[in-house]
Structure formats: structure tokens, C-alpha cells
Amino acid sequence: IFLILPNTAKGQDSLGWEQIPPITSDLKTLYGLYFFNKDSGLVCGYHRPDRSYTFLASTLDGGENWNTMQVGPTTMLYDVTFVNDTIGFTLDGTIDRTTDGGNNWTRLVFQNLTSRIEFFDEKYGWAVGRDSTIVKTTDGGETWEIIEIDGLISPLINGLSVVDSLNVVINTLKSVHKTTDGDRKSTRLN
């Protein structure tokens, strides 16, 4: 039995997954990632090489090589998403937006957005975080509306899934909520 278990455990470790080469030697934590396809994507988090903690890196070859980018004077990035090849967003407590593929970033004004940002298409997007903070845009990030919902058991919203322009699901540490009208009317699922 002892000879079989190590071989079985080793076989279960891979199951078709492989670790890609390290992004950088001084990486501290990875929080979010977004891939356009099997080769092109981004990953974000923070590192400490010279007290410039922000970390955003892109790859064009499936993670074999990474190029780091700077996104404003932030301490860490929690999530990253793109709606097309040039327009993308990151969360660092606020929302930062790029319209040139990540070369330049503009800070948008919001606080406590430290969990997820997701878009259904180029117009409809949502972001969530601490203190029950939920915001949405219907114009591609030009303007954002604060959404308030009742019945959240925990003020930290961890998860977000934007199904379409009207159906959005969020989760806190202890509950799941959804809206079917893209606005304030929400239903608690558990």
C-alpha cells in the first residue's frame, strides 16, 4: 500500500496542469488574472523590489515570458480585466482604466474596490469590494453608479459574475445575491 500511494499522489498532482516559469524573482502575491486567449494575458498583484509595490505583467507567449507594466501610484492590484485589445481596467481600491492596451492608465474615483471587476461587453461592467461597495457602468467606464443592496450578511464582497447586462451575481463571505434587472432589485440566494 505504501508503494502505491506515493505514485498515485504524484499522478494526481499534475492532471494536465503545469506551472509556467516565474514572472519575477521578487513577486510577493498574485491576486487577479485575465487571458484573451491561450497565449495572451495579464496577471496582477504586488511585489517589493524597490518599494514600488504595484505589479501588472503581460504575456504574449502563454507565460514563457512576461513584461511588467506600471499602473499609477498604488500599493497592490487586486484584479484586471479587458473588454477588447485596448480598453482595460484594474482594481487597487479605485478603478484604473487604459485605452491604449496598458501603456497609460487613468485613475477613476472610487474607494474600497478590492475584489473583482468584470464586464459583460464593452459597455456593461461591474466592480465590487469592501464595505458593501458595488459600482456599475453602462457606458464603458466613462461614468460609474454606486449600487446599494440590502441584506448583505458580510460587508466584504468577494466574488462577482456578470452574466449579461441585467443578470449579475455577487457573493460575500456568507451569502450569495443576484439581480435580474441590472440595478438595485436583488435577491438573496442563501
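Residues numbered from 1 in each chain as written. Predicted model: local features only at pLDDT ≥ 70, side-chain atom pairs only at ≥ 80, totals over all residues. Heavy atoms only, no water.

1. Re the sheet that holds strand β4 (residues 67-69)
No. 1: The four strands are arranged β1-β2-β3-β4 in an open sheet whose pairing can be described as antiparallel. Among the strands making up the open sheet, the edge pair consists of β1 (27-35) and β4. The average undirected angle you get between the axes of adjacent strands in this sheet is 30°.
No. 2: Bridge analysis of strand β2 (residues 41-47) against strand β3 (residues 54-59) gives six bridges, and the strand direction is antiparallel. Directly across from C44, in β3, lies its bridge partner L56. (Pairing = 2+ DSSP bridges. Helix = DSSP H or I, 4+ residues; strand = E, 2+ residues; numbered from the N terminus. Axes fitted to C-alpha atoms, helices over the stretch in contact; angles between N-to-C directions.)

2. Things to note about the pattern of salt bridges
No. 1: For the structure on display, the rule yields six salt bridges.
No. 2: Between D39 and K38 there is a salt bridge, with the nearest N and O atoms lying 3.4 Å from each other.
No. 3: E118 is the salt-bridge partner of R116, the closest N and O atoms lying 3.2 Å from each other. (Salt bridge = Lys/Arg side-chain N within 4 Å of Asp/Glu carboxyl O.)

3. Structural notes on the side chain of E118
No. 1: Inspection of the secondary structure assignment puts E118 in strand β9 (residues 116-119).
No. 2: Note on E118: relative accessible area 17%, which makes it buried.
No. 3: Within the structure, the side chain of E118 is placed 3.2 Å from the side chain of R116, a separation counted as a polar contact.
No. 4: For E118, the residues in contact, after removing those within four places along its chain, are G125, W126, L160, S161 and V162. (Buried < 20%, exposed > 50% of the residue type's maximum accessible area, 1.4 Å probe, protein only. Polar contact = N/O pair within 3.5 Å; in protein donor to acceptor, adjacent residues only side chain to side chain. Contact = heavy atoms within 4.5 Å.)

4. A word on the sheet that holds strand β5 (residues 79-82)
No. 1: Here four strands make up an open sheet; going across it, the order is β5-β6-β7-β8 and the pairing antiparallel. Every interior strand has two partners, whereas the edge strands, β5 and β8 (106-113), have only one. Strand-to-strand twist of the sheet, defined as the mean angle between neighbouring strand axes without regard to direction, takes the value 20°.

5. Observations regarding the layout of surface pockets
No. 1: The computed volume of the largest pocket comes to approximately 220 Å³.
No. 2: Taken together, F36, S40, G41, L42, S58, T59, L60, N67, M69, F82, D85 and G101 make up the full set of residues lining the largest pocket.
No. 3: Listing elements by their share of the lining of the largest pocket, those giving two or more residues are β2, β3 and β4.
No. 4: When its residues are assigned to classes, the lining of the largest pocket shows five nonpolar, six polar and one charged.
No. 5: Its volume calculated, the second largest pocket comes out at about 180 Å³.
No. 6: Considering the residues around the second largest pocket, the lining is formed by Q19, I20, P21, P22, I23, L27, L30, L33, F35, L42, V43 and W66.
No. 7: The set of elements that each furnish at least two residues to the lining of the second largest pocket consists of β1 and β2.
No. 8: Residues belonging to the lining of the second largest pocket are distributed by class as follows: 11 nonpolar, one polar and no charged. (1 Å grid on protein atoms, 1.4 Å probe; cavity = no way out; pocket = protein on both sides within 12 Å on 5 of 7 lines; lining within 4 Å. Points joined across faces, edges and corners; volume = space filled by probe spheres on them. Nonpolar A, V, L, I, M, F, W, Y, C, P; charged D, E, K, R; others polar.)

6. Some points on the nonpolar core
No. 1: Within the largest apolar cluster, 15 residues are counted, with the highest numbers of intra-cluster contacts made by I95, I117 and W144.
No. 2: The greatest single-element share of this core, amounting to three residues, is contributed by β8.
No. 3: Beyond its immediate stretch of four places on either side in the chain, I95 contacts F89, T90, T106, R107, L108, F110, L113, I117, A127, V135 and W144. (Core = buried A, V, L, I, M, F, W, Y, C linked by side-chain atoms within 4.5 Å.)

Any functional reading would require information that these geometric values do not contain.
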